[in-house]
Amino acid sequence: MSRTTPRSRYRIPAIAATAALALGALACGAGAAAADPAPAAPSSGSTTSSPSADAAAPAQVPSSFTKTSQGGSGTVDLTIDDGPDPDFTPQVLKVLHDNGVHATFCMIGNNAQQHPGLVKKVARAGNRLCDHSVNHDMTMDQKTVPYQEREILGAEKTIDTAAGGVAKAQYYRAPGGAFTPASRAFAASQGLRPLGWDIDPKDWSTPGTQQIVSAVKEQFNNGKGNGPIILFHDGGGNRSETVAALKQLIPWFKAQGYGFSFPSTTAP
């Protein structure tokens, strides 16, 4: 799905919409919480790791945005959004396999329903799964709490069914970062850790391979609090630039002494 508006890590809804959603969250027992600040950038280190995905998500996880990498400060976390896509998901998987690393794939429920074999392939390769809603509605933060819950639950069920028991979704990432306190609390109650991002090269806008590479390096090295979670896309359009950028960036991170892991599901 193409986009015409910039994306940000956390979107701030209108005051009236926020108040309505907060009241809905209280009614369904999901406490509202303020959005968390961006995590600090990981320190350099020589640790390299490619951990395998867990078989199931925990029953209860925090409703705060995950800020840390499961592998520690010497690792970064690749996240891949908007698939699965029959053209580009296999290409991303090949790049990951060729480099011996894993990623977290944030899947749209409708796409997972259309391509269940790709969901299973992603899981079998040792990657983690993330719920990215049923329809990728980027105005989720302006919708009712029941609507948000249906989008989260529907996608989770579709993704888990398609994975066939190989793995389960462990995170929830709102489309375009359109989180609300209510949606984060509800996702956590379902065992899905809210997943933001720290580095966004805006690859979805197809700015060119070298621009994607430069943006990741600049944001990672700028010392302004960017952390280990990097946002890429395998769906929503032609992602050949993203595939080409990953071929350059994964070896670059390794050369800096970093390994690759997954966002924590339980730690801050």
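Predicted model, so just to flag it, every value in this text is computed and none were measured.

The rules we used
Residues numbered from 1 in each chain as written. Predicted model: local features only at pLDDT ≥ 70, side-chain atom pairs only at ≥ 80, totals over all residues. Heavy atoms only, no water. Helix = DSSP H or I, 4+ residues; strand = E, 2+ residues; numbered from the N terminus. Contact = heavy atoms within 4.5 Å. Areas by Shrake-Rupley, 256 points an atom, 1.4 Å probe, with all protein chains shown as cover. Salt bridge = Lys/Arg side-chain N within 4 Å of Asp/Glu carboxyl O. Buried < 20%, exposed > 50% of the residue type's maximum accessible area, 1.4 Å probe, protein only. pLDDT = per-residue confidence, 0-100. Core = buried A, V, L, I, M, F, W, Y, C linked by side-chain atoms within 4.5 Å. Axes fitted to C-alpha atoms, helices over the stretch in contact; angles between N-to-C directions. Parallel < 35°, antiparallel > 145°, perpendicular 65-115°, else oblique. Left-handed = near helix turned anticlockwise from the far one by under 90°. Nonpolar A, V, L, I, M, F, W, Y, C, P; charged D, E, K, R; others polar. Phe/Tyr/Trp six-rings, centres within 6.5 Å; stacked < 30°, edge-to-face > 60°. Lys NZ or Arg CZ within 6 Å of the ring centre and 35° of its normal. Expected span 1.5 Å × (residues − 1). Bend = angle between axes of the 7 residues up to and from the residue.

1. Comments concerning the overall build of the chain
The helix and strand inventory of the chain stands at 8 helices and 7 strands. Look at the contacts in the chain between residues 6 or more apart in sequence, and 84% of them connect residues 24 or more apart. With an accessible surface of roughly 10,400 Å², the chain has 55% of that area assigned to carbon and sulfur atoms.

2. Points about the environment of lysine 254
Of note, lysine 254 is situated in helix H8 (residues 240-255). Between the C-alpha atom of lysine 254 and that of asparagine 99, which follows or precedes it by 155 residues, the distance is 9.7 Å.

3. Structural notes on the pattern of salt bridges
The tally for this structure, following the rule as stated, stands at 3 salt bridges. Residue lysine 94 is joined to aspartate 98 by a salt bridge in which the shortest nitrogen-to-oxygen separation is 2.7 Å. You can see lysine 94 and its partner aspartate 98 sitting in helix H2 (residues 89-99), 4 residues apart, about one turn around the helix. For lysine 94, a relative accessible area of 53% puts it in the exposed group.

4. As for the confidence of the model for the chain
Per-residue pLDDT for the chain averages 83, and the proportion of residues at 70 or more is 76%. The low-confidence segment residues 1-59, where pLDDT is below 50, has 159 contacts with residues more than four positions distant or belonging to other chains.

5. What about the nonpolar core?
Formed by 49 residues in total, the largest nonpolar core has its most connected members in Leu78, Phe105, Leu129, Phe232 and Phe253. A total of 7 residues in this core trace back to one element, the largest contributor, which is H8. What phenylalanine 105 contacts, discounting residues up to four positions off in sequence, is Ile80, Thr89, Val92, Leu93, Leu96, Val122, Asn127, Arg128, Leu129, Cys130 and Asp234.

6. Considering the environment of proline 207
Within the secondary structure, proline 207 sits in the loop between strand E5 (193-194) and helix H7 (209-221). Measuring from C-alpha to C-alpha, the distance between proline 207 and threonine 242 comes to 9.8 Å, with 35 residues separating the pair along the chain. Residue contacts for proline 207: discarding those within four places in its chain leaves Pro201, Lys202, Ile212 and Glu241.

7. Concerning unusual backbone geometry
A cis geometry characterises the amide bond from glycine 83 onward to proline 84, with omega recorded as 0 degrees. Located in the positive-phi region is aspartate 82, a residue other than glycine, with phi close to 80 degrees. Secondary-structure assignment places aspartate 82 in strand E1 (residues 75-83). Residue aspartate 82 is classed as buried on the basis of its relative accessible area of 2%. With a phi close to 80 degrees, serine 133 is a non-glycine residue in the positive phi region. With respect to the element layout, serine 133 can be found in the loop between strand E3 (128-131) and helix H5 (145-163). Judged by its relative accessible area of 0%, serine 133 falls in the buried class.

8. Describing the packing of H7 against H8
The N-to-C vectors of H7 and H8 enclose an angle of 40 degrees; their axes lie 8 Å apart at closest approach. As summarised for this structure, H7 and H8 are arranged oblique, according to the angle between their axes. The interaxial crossing formed by H7 with H8 has right-handed handedness. Contacts between H7 and H8 involve Thr209, Gln210, Ile212, Val213, Val216, Lys217, Phe220 and Asn221 from the former and Glu241, Thr242, Ala244, Ala245, Gln248, Leu249, Trp252 and Phe253 from the latter. When grouped by side-chain class, the residues that make up the contact of H7 with H8 number 9 nonpolar, 5 polar and 2 charged.

9. Quick look at the packing of aromatic side chains
In the structure shown here, the tally under the stated rule is 8 aromatic pairs. Ring centres of tyrosine 172 and phenylalanine 179 lie 5.7 Å apart, and the angle between their planes is 80 degrees; this geometry places the pair in the edge-to-face category. By relative accessible area, tyrosine 172 is classed as buried at 0%. An angle of 70 degrees between the planes, with centres 5.0 Å apart, marks the rings of tryptophan 252 and phenylalanine 253 as edge-to-face. Accessibility assignment for this pair places tryptophan 252 and phenylalanine 253 in one class, buried. Among the aromatic residues, those joined into a ring-pair cluster are Phe220, Trp252, Phe253, Tyr258 and Phe260. Cation over ring: lysine 143 sits above tyrosine 147, and NZ or CZ is 4.7 Å from the ring centre.

10. Regarding H8
Here H8 spans 24 Å end to end across 16 residues, near enough to the 22 Å set by a 1.5 Å rise per residue. Considering bend angle alone, the principal kink of H8 is centred on leucine 246 and spans about 25 degrees. Those residues of H8 that sit buried are Thr242, Val243, Ala245, Leu246, Leu249, Ile250, Trp252 and Phe253. Taken together, the buried residues of H8 touch E1, H2, H7, strand E6 (229-233) and strand E7 (259-260). The positive-phi residue at the C-terminal boundary of H8 is glycine 257, with phi of around 95 degrees.

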